[in-house]
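Chain by chain, the residues run as shown.
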Amino acid sequence: MSAARTGLRERWQTQRDRLLTSPGFGDAAARFVATRPFARARAHALFDLVAGFVYSQWLAACVELRLFERLARGPLTAEQIAMQDRLPLASAERLLEAAASLGLTERREPDSAGRVRHGLGPLGAAMVANPAVAAMVEHHKALYAELADPLALLRRGEGGLARYWAYASSEAPAGLQDGTTAPYSALMSVTQPLVAAQVLDAVPLGRHKLLMDVGGGEGAFASAALERHPNLRAMVYDLPAVAAAANVRFGRLGLSHRAHALGGDFHRDALPRGADVISLVRVAYDHPDERVLALLRAARRALPPGGTLVLAEPMAATAGAEAMGAAYFGMYLLAMGSGRPRSAAELTALLHRAGFNKVRRRRTALPLLAGVLVARAEGDMPDDGPGSEPRNVNPA
């Protein structure tokens with residue numbers, strides 16, 4: 001953009017700000033027929049920002065009561081909910097009124113005694129269809145304490161959730177026991193199907209032979225990929241305690257003949273060699289730039305010429321999902337104490353620095369859940385020094 005256009009835009013923005021902040025402008029805009037719809041929409045959006053923390057608490061109460069699952073079996077009256085959940089009738093009515101105002105429930109026809117029944121609303125039905133969302137809501141209980149003083153969190157630069165996600169800050173994460181890694185791994189496992197479907201729709205893996213899912217947790221994404229592509233084999237590379245859980249999962253699903261998990265520390269150890277496609281699903285945004293770059297370089301060394309890297313996660317500056325990337329994940333990762341949301345352009349730059357020649361963005365049906373970048377490894381990449389040589393590993 002030219003300096004003249006930049007200056008013109010700056011002057012327009014200054015004038016706009018003066019107008020919007022001037023005394024009486026809001027009242028005048030709300031009264032004037034032509035501007036009334038815009039004024040009301042702005043007021044509504046602002047109030048939603050102010051009241052959003054309360055909305056989330058009504059949602060959390062519904063999730064904790066398993067209200068949506070019960071309403072999916074049939075409408076209930078406030079009296080029935082009060083009795084089943086040991087709530088005062090007035091509290092049950094208040095909960096249902098709030099839930100209905102948020103689109104979570106809706107009023108249905110009265111029962112034979114004339115009592116109003118309540119069923120699922122559009123968003124409540126979506127909660128039932130996507131149990132991973134409920135898992136995230138339950139997980140937020142641990143996050144709420146960090147949000148009580150956001151300015152203090154910003155000044156510290158790290159929240160108490162770092163202990164929940166201990167392997168991100170541990171000096172020796174490979175030595176962590178299952179009790180330390182299990183809570184976060186379980187959360188990622190239950191929420192992974194939402195993301196896996198987006199990624200696998202955007203990047204068909206049928207032409208590949210061996211997928212290595214780095215930081216793949218308990219094997220949820222790898223299992224979904226194997227289910228969709230019968231000729232594909234898979235390997236998960238994660239911390240030893242997490243890899244053990246993944247192997248249990250593969251055995252339970254009858255996939256042990258096609259999949260295997262190997263334990264290690266991808267920040268310190270060379271990645272195994274042999275896969276023609278490597279996936280990083282919701283991994284990069286958990287770590288600072290230098291660690292992400294090192295991981296991408298390790299993946300580049302592990303891939304053969306012509307190999308493929310799939311990087312998928314919620315991305316900043318995604319059209320229509322800006323708040324999800326910058327506001328939600330910006331605060332969430334701050335509370336976790338590591339990582340940050342990055343735009344597709346920032347991730348592409350890191351991939352190029354890591355030695356990937358061709359990087360393409362793939363469209364997903366729900367970009368607020370995950371953006372997808374596909375990078376190709378063309379030609380050979382020189383080793384970076386001792387300890388950088390990938391290992392050959394039989395994945396199954």
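Since we're looking at a predicted model, the values are computed, not measured. (Residues numbered from 1 in each chain as written. Predicted model: local features only at pLDDT ≥ 70, side-chain atom pairs only at ≥ 80, totals over all residues. Heavy atoms only, no water.)

Enquirer: Would you mind going over the overall build of the protein in detail, with residue names and values included?
Expert: Scanning the protein for helices and strands turns up 15 helices and twelve strands. Within the protein, the fraction of its 396 residues that count as buried is 43%. Counted over contacts in the protein with a minimum sequence separation of 6, partners at least 24 positions apart contribute 69%. Total accessible area on the protein is roughly 20,300 Å²; 57% of this is exposed by carbon and sulfur atoms. (Helix = DSSP H or I, 4+ residues; strand = E, 2+ residues; numbered from the N terminus. Buried < 20%, exposed > 50% of the residue type's maximum accessible area, 1.4 Å probe, protein only. Contact = heavy atoms within 4.5 Å. Areas by Shrake-Rupley, 256 points an atom, 1.4 Å probe, with all protein chains shown as cover.)

Enquirer: Explain the sheet that holds strand β1 (residues 76-77) residue by residue, including any values.
Expert: Pairing is antiparallel across the open sheet formed by three strands, whose spatial order is β1-β3-β2. Among the strands making up the open sheet, the edge pair consists of β1 and β2 (105-108). (Pairing = 2+ DSSP bridges.)

Enquirer: Explain the pattern of salt bridges to me, using residue names and the numbers behind them.
Expert: If you walk through the whole model with that rule in mind, you get twelve salt bridges. The closest approach of N and O atoms between Asp 289 and Arg 342, which form a salt bridge, is 2.7 Å. Of this pair, Asp 289 sits in helix α13 (residues 289-302) while Arg 342 is found in the loop between α14 (322-336) and α15 (344-353), placing the two residues 53 residues apart along the sequence. Among the residues examined, Asp 289 registers a relative accessible area of 30% and is labelled partly exposed. In this structure, the salt-bridge partner of Arg 340 is Glu 346, at a minimum N-O distance of 3.3 Å. Since its relative accessible area comes to 31%, Arg 340 is described here as partly exposed. In this structure Glu 346 comes out as partly exposed when scored by relative accessible area, which is 32%. Through salt bridges with shared partners, a single network forms among Asp 289, Arg 340, Arg 342 and Glu 346. (Salt bridge = Lys/Arg side-chain N within 4 Å of Asp/Glu carboxyl O.)

Enquirer: Tell me what's going on with helix α3 (residues 36-64), and back it up with residues and numbers.
Expert: Compared with the 42 Å implied by 1.5 Å per residue over 29 residues, the 40 Å span of α3 between its first and last C-alpha is a close match. At Ala 51, α3 shows its maximal bend, which comes to roughly 60°. For α3, the set of buried residues is Ala 51, Ala 60, Cys 62 and Val 63. Buried residues belonging to α3 abut α4 (67-72), α6 (89-101), α7 (122-129) and α8 (131-147). Of the residues trailing α3, Arg 66 is marked for its positive phi of about 55°. (Expected span 1.5 Å × (residues − 1). Bend = angle between axes of the 7 residues up to and from the residue.)

Enquirer: Pulling in residues and values, what's your account of the sheet that holds strand β6 (residues 259-263)?
Expert: On the basis of which strands lie adjacent, the open sheet formed by seven strands has the order β6-β5-β4-β8-β9-β11-β10 and mixed pairing. Each edge of the open sheet is held by one strand with a lone partner, namely β6 and β10 (358-362). Between one strand axis and the next, the sheet turns through 20° on average, direction left out of account. Pairing analysis gives five bridges linking strand β5 (residues 233-238) to β6, with the strands arranged parallel. Looking at the pairing, Tyr 237 lines up with Leu 262 of β6. Where helix α11 (residues 220-228) meets the sheet, its contacts fall on β4 (210-214), β5, β6 and β8 (277-281), and the angle it forms with β4 comes to roughly 160°. Along the sheet face, helix α12 (residues 240-252) touches β5 and β6 and points at about 165° away from the line of β6. (Axes fitted to C-alpha atoms, helices over the stretch in contact; angles between N-to-C directions.)

Enquirer: If you had to explain the environment of Gly 124 to someone new, which residues and values would you point to?
Expert: Tracing the backbone shows Gly 124 in helix α7. Residues Gly 124 and Ala 99 lie 25 residues apart in sequence; the distance between their C-alpha atoms is 8.7 Å. Leave out the neighbours within four places in its chain, and Gly 124 touches Phe 68, Gly 103 and Leu 104.

Enquirer: Before we move on, can you summarise the packing of α13 against α15 with the specific residues and values?
Expert: In the contact formed by α13 and α15, the axes pass within 9 Å of each other and the chain directions differ by 50°. In terms of their interaxial angle, α13 and α15 are classed as oblique. Where α13 crosses over α15, the handedness of that crossing is right-handed. Residues Val 292, Leu 293, Leu 296 and Arg 297 of α13 touch α15, and the partners they reach there are Leu 350, Leu 351 and Arg 353. In the contact of α13 with α15, the residues fall into five nonpolar, no polar and two charged. (Parallel < 35°, antiparallel > 145°, perpendicular 65-115°, else oblique. Left-handed = near helix turned anticlockwise from the far one by under 90°. Nonpolar A, V, L, I, M, F, W, Y, C, P; charged D, E, K, R; others polar.)

Enquirer: Can you lay out the nonpolar core for me, pointing to particular residues and giving the numbers?
Expert: Counting residues in each nonpolar core, the largest one holds 34 residues, and the members touching the most others are Val 214, Leu 271, Ile 278, Leu 296 and Leu 309. Here this core takes seven residues from α13, the largest share from any one element. With near-sequence residues (within four places) excluded, Leu 296 lies in contact with Leu 280, Leu 309, Leu 311, Leu 350, Leu 351, Ala 354 and Phe 356. With 28 residues, the next largest nonpolar core counts Phe 221, Ala 225, Val 236 and Val 374 among its residues. (Core = buried A, V, L, I, M, F, W, Y, C linked by side-chain atoms within 4.5 Å.)

Enquirer: Mind laying out the side chain of His 139, listing which residues take part and the relevant values?
Expert: The residue His 139 is located in helix α8 in this model. A distance of 2.7 Å separates the side chain of His 139 from the side chain of Tyr 332, its partner in a polar contact. (Polar contact = N/O pair within 3.5 Å; in protein donor to acceptor, adjacent residues only side chain to side chain.)

Enquirer: Explain the pairing of strand β9 (residues 307-313) to me, using residue names and the numbers behind them.
Expert: Within β9, seven of the seven residues are buried, leaving the element largely enclosed by the surrounding structure. Residues Gly 307, Leu 309, Leu 311 and Glu 313 point to one face of β9 and Thr 308, Val 310 and Ala 312 to the other, with burial holding for every one of them. Of the pairings in the sheet, the one linking β8 to β9 comprises five bridges and is parallel in character. In the strand pairing of β9, Ser 279 is matched with Val 310. Taking the sense of rotation as the criterion, the β-α-β connection linking β8, α13 and β9 turns out right-handed. Two elements, β9 and strand β11 (residues 371-377), share seven bridges in a ladder whose sense is antiparallel. Opposite Val 310, over in β11, you have Val 374 as the bridge partner. (Right-handed = clockwise from strand over helix to strand, strands pointing away.)

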